[in-house]
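Architecture and fold: a report
What follows is the residue order along each chain.
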Amino acid sequence: MFLRVIFAVAVILSVSVSVLFFICIKGKGKPVFRNIAVTVTIFMTFIAIADISGLINFGSYQSSFAFMGVVNICELVLYQIHKQYPLKFLGFSSKMLIIASVLELTVFNMPSYRLWFGGYTEKELDIDNAVIECGIRNDDGTIIVGDGAEMVVTFEGINIPVGTVKADVLFPKESTKESTFVLDIKDSTQTQNYRYNIANSRIVEKREKSDTIICDFSGKVSDMRVKFAPKNNGEIILKKVYVNTDVPVDISLVRFFFITLVSIFIYTVMYENFMQKSFSESRKFCRIASAVITLACCISAFAILDYKLGDKKWKDEFKQTNGNQLTQELVDAFENGQVNLLAEPSEELNALENPYDRNARESSGASVLWDHVYYNNNYYSYYGIAPVILFFLPYHKLTGYYCPDSLAVLVFALIGIAGLTSLFSSFIKKWFPDIQTGIYLTCLILLQILSGVWFSVGRPWFYETAMTAGFAFLSWGVYFLFESNIIGKGQIILSKVFIASLLSATAVLCRPTLALYCICIAVFMLMAVPKSGKDTKSRAVYLVYAFIPMICLGSIQMIYNYARFGSPFDFGIQYSLTINDFTKSQYHTDFVLIALFNYLFNIPVFSASYPFISTEFQTLDTNGFFYADYLSTSNTSGLFFLALPMFAYIFSGKAVKKLPDRQSKVNSLVYLGAPCVIIPVLIISSVWESGYAVRYMLDFSWEMIIGALAIIFFLMRNTQNITIKKLIKVFLCFSMVWAFVVSGVQSVNQAFRYSEYHYDYPEIAYSIEQIFAFWK
């Protein structure tokens, strides 16, 4: 009771201080208000320090005092800044801190107030005299159960109202992080027989709140059975069981910062003068803000991969003594001066009439390297060689170790994220410099969220390494393409033309699928020949700069193909030992429709339970084999329902009609339609054979979104209706929030997989659950 009173007083003090600072920022407060607020803030700061350091044990309210102290300090900082720079958004920021902190301390922690009223008596149940099933008593009085069995502990004669049940448990094995936590009870409404499975929850390691089940029983509980079943065939040790302990306050900083920062950002976009200025008028601010957004994305990517390392350290991760197709097998082959891999196919595999038939391979018992290319009794890899030559091979030569996938994905993802920011900034600078700064930043955030790279960051395997490598080179290739001035106004810069050609060709050597974009860039370069100069010499020099890199790198790829498969145009994918026999698979348009629907139009499903936002893979009732990566099938929606601006393509005809002449209309179809619509649709259609995987979103998402944004920006420029412009701005802000929530949840769920197949990160799943289902 004493801690409840202390907590209630602290909440009232903290909120009152925040309100006083807000009044002062609005210029309505007296000096005494400021003095009181500062004094109480100093006091709350000391309390926060005591909470963080553990000098004071606040029990179930631990960390909440630190949160309140930090909020008050933030209010003080806002007040001090406002005295020097009286910007409108500072007052709004103060208001949002109040709203978000009050919500966090009250509504979002409703379960913590569950026992404040109702006369509940805290009690430790007598575990020594409890009846145990499938559990072993230890000498210290604890009870252990293992091998995934369900332990049942029966307590009789409780005879008090029960509002919560808390289990004090330990997970002795590192592989076990979670256990089911189920109650059977007899209460006043049913005294003879148990109500089975009346309360269901799960205990998650490192999540204190999960130890407690909130109960809504009637009258007194006489008897209770508490059941535990550890996941992954693990073990759990039960130390004690309590009833009617307060539910711990669980402050979600992710939820708090999302509410405050996103609200503040949208307010500044809508109302602050510096966000109303055009991109061209605020170039310096846009560069700084773009760098901050890019840095935040890079930190997020590193944080995801760092968390997935678990207890391992990066310095140990760098010292891999083995790897996979990209990081080891191709490296060893090239160092040995050969294009086929060092591994020799088994005699059983060589003896098969059709080694590409999966059933034939498995029934024969042949030893097979999964997803490798098998041709003429040799193993090959169909993955691009650019990451091997530029990164993995030098890494092995310099360190003596093989490069880890996590490092490769991180490096290429960071390069690609920076490239995406740069190309979008260049795109706006060249074609839409009049767009408002706030709209530019909103769309940049939207683009970074939905680029598709997060699905690769979340699963750093060699598949995703190839994806992120292609993304890194293509994004910078497009940036230099824009900067070279071969499209639009300005004199052509030959050095940037050369770099654009080199990087886009290198992207193909990372991921052959990107060849379509490279061809498109080559066509754009050919179309710019008349612009490169009036005399033959100038044009010839331009053509050398534009096509020598592509020709050289293309020749390397063709020679590599010929050396492996006897044809310069054969990449070898059809010889893969994988989920299907690609040498005999037939094209079916229905498979193309499955891919188009799932990648573009599949609708997210919302629910009140984990994972809250998901998407069911749709086969469109097609009768045939279409592969879907089971790790991906519930993790992403169609792009139209992730990136709401995609619906702008509906108005593309209207936008074309507003162009001044026929040549402008042709140019829009070529420069926008080809890379942003036609090629992405072709890439999506091409998966009819290999099947659906969420990582493929990186091949087309950001390109299609940029095309949609171009239509929106053009229509905004060509309307004088202020209301329509404001509505479009509101729509873009809503789209950004939508992308954060819908794509963010699905990306995190994919990165920290938690499903019937995977229980890798139950603590992340639990935290996500608590963000939304705060009533649990």
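This text goes with the structure placed above it.
A short tour of the structure in this document, coming up. (Residues numbered from 1 in each chain as written. Predicted model: local features only at pLDDT ≥ 70, side-chain atom pairs only at ≥ 80, totals over all residues. Heavy atoms only, no water.)

Regarding empty space enclosed by the protein
Taken as a whole and assessed by the stated rule, the structure comprises 2 cavities of 30 Å³ or more. Roughly 40 Å³ of volume is contained in the largest cavity. In this structure, the largest cavity is lined by I449, L450, G452, W454, F455, L642, M697, S743 and S747. Approximately 30 Å³ is the volume found for the second largest cavity. Here the residues of the lining of the second largest cavity are counted per class, giving 6 nonpolar, 2 polar and 1 charged. (1 Å grid on protein atoms, 1.4 Å probe; cavity = no way out; pocket = protein on both sides within 12 Å on 5 of 7 lines; lining within 4 Å. Points joined across faces, edges and corners; volume = space filled by probe spheres on them. Nonpolar A, V, L, I, M, F, W, Y, C, P; charged D, E, K, R; others polar.)

Some points on the environment of N35
The topology assignment puts N35 in helix α2 (residues 31-53). On the basis of relative accessibility, which here comes to 39%, the residue N35 falls in the partly exposed class. It is 9.9 Å that separates the C-alpha atoms of N35 and F21, two residues lying 14 residues apart in sequence. Polar side-chain contacts of N35 include one of 3.3 Å to the side chain of R34. (Helix = DSSP H or I, 4+ residues; strand = E, 2+ residues; numbered from the N terminus. Buried < 20%, exposed > 50% of the residue type's maximum accessible area, 1.4 Å probe, protein only. Polar contact = N/O pair within 3.5 Å; in protein donor to acceptor, adjacent residues only side chain to side chain.)

Examining the packing of α2 against helix α3 (residues 64-84)
Closest axis-to-axis distance for the α2/α3 pair is 8 Å, and the angle between their directions is 145°. Pair α2 / α3 crosses with left-handed handedness. The segment α2 lies against α3, with R34, V38, T41, M44, T45, I47, A48, D51 and I52 engaging S64, F65, A66, M68, G69, N72, I73, L76 and Y79. Across the contact of α2 with α3, the residue classes break down as 11 nonpolar, 5 polar and 2 charged. (Axes fitted to C-alpha atoms, helices over the stretch in contact; angles between N-to-C directions. Left-handed = near helix turned anticlockwise from the far one by under 90°. Contact = heavy atoms within 4.5 Å.)

Topic: a nonpolar patch on the surface
On the surface, a nonpolar cluster with roughly 540 Å² of combined accessible area is contributed by F498, L502, V541, V544, Y545, I548 and I551. Residue assignment for the nonpolar patch shows that the elements contributing at least two residues are α17 (494-510) and α20 (536-565). Among the elements that line the nonpolar patch, the one with the most residues is α20, at 5 residues. (Patch = residues over 30% accessible without salt bridge, like charges linked within 9 Å, V, L, I, M, F, W, Y side chains within 5 Å. Areas by Shrake-Rupley, 256 points an atom, 1.4 Å probe, with all protein chains shown as cover. Salt bridge = Lys/Arg side-chain N within 4 Å of Asp/Glu carboxyl O.)

Notes on helix α16 (residues 462-483)
With 22 residues, α16 ought to run about 32 Å at 1.5 Å a step, and its terminal C-alpha atoms sit 32 Å apart, in line with that. Burial of α16 is extensive: 21 of the 22 residues sit out of reach of the surface. Count one or two residues on from α16 and you reach N485, which has phi positive near 70°. (Expected span 1.5 Å × (residues − 1).)

A word on unusual backbone geometry
Apart from glycine, the bulk of residues carry a negative phi angle, and the bulk of peptide bonds sit in the trans form. In the segment running from Y610 into P611, the intervening peptide bond is cis, with an omega of 10°. As for its position among the elements, P611 is in the loop between β16 (605-606) and β17 (613-614). In this model, N485 sits at a positive phi of 70°, which is unusual for a non-glycine residue. Summarising the element assignment, N485 is placed in the loop between α16 and α17. Taking relative accessible area as the criterion, N485 reaches 12% and is therefore assigned buried. The phi dihedral of F612 is positive, around 70°, even though this residue is not glycine. Here F612 lies in the loop between β16 and β17.

Here's the deal with the sheet that holds strand β5 (residues 151-155)
Spatial ordering of the open sheet is given by β2-β5-β12-β8-β9, a layout of 5 strands whose pairing is antiparallel. In the strand order of this sheet, the two ends are held by β2 (131-133) and β9 (190-204), each with one partner. Recorded for the sheet is a direction-independent mean angle of 15° between the axes of neighbouring strands. Across 8 bridges, strand β8 (residues 178-187) lies against strand β12 (residues 223-230) in antiparallel orientation. Of the residues in β12, the one forming a bridge with K186 is D223. The sheet strands contacting helix α27 (residues 762-772) are β8 and β9, and the helix crosses β9 at an angle near 110°. (Pairing = 2+ DSSP bridges.)

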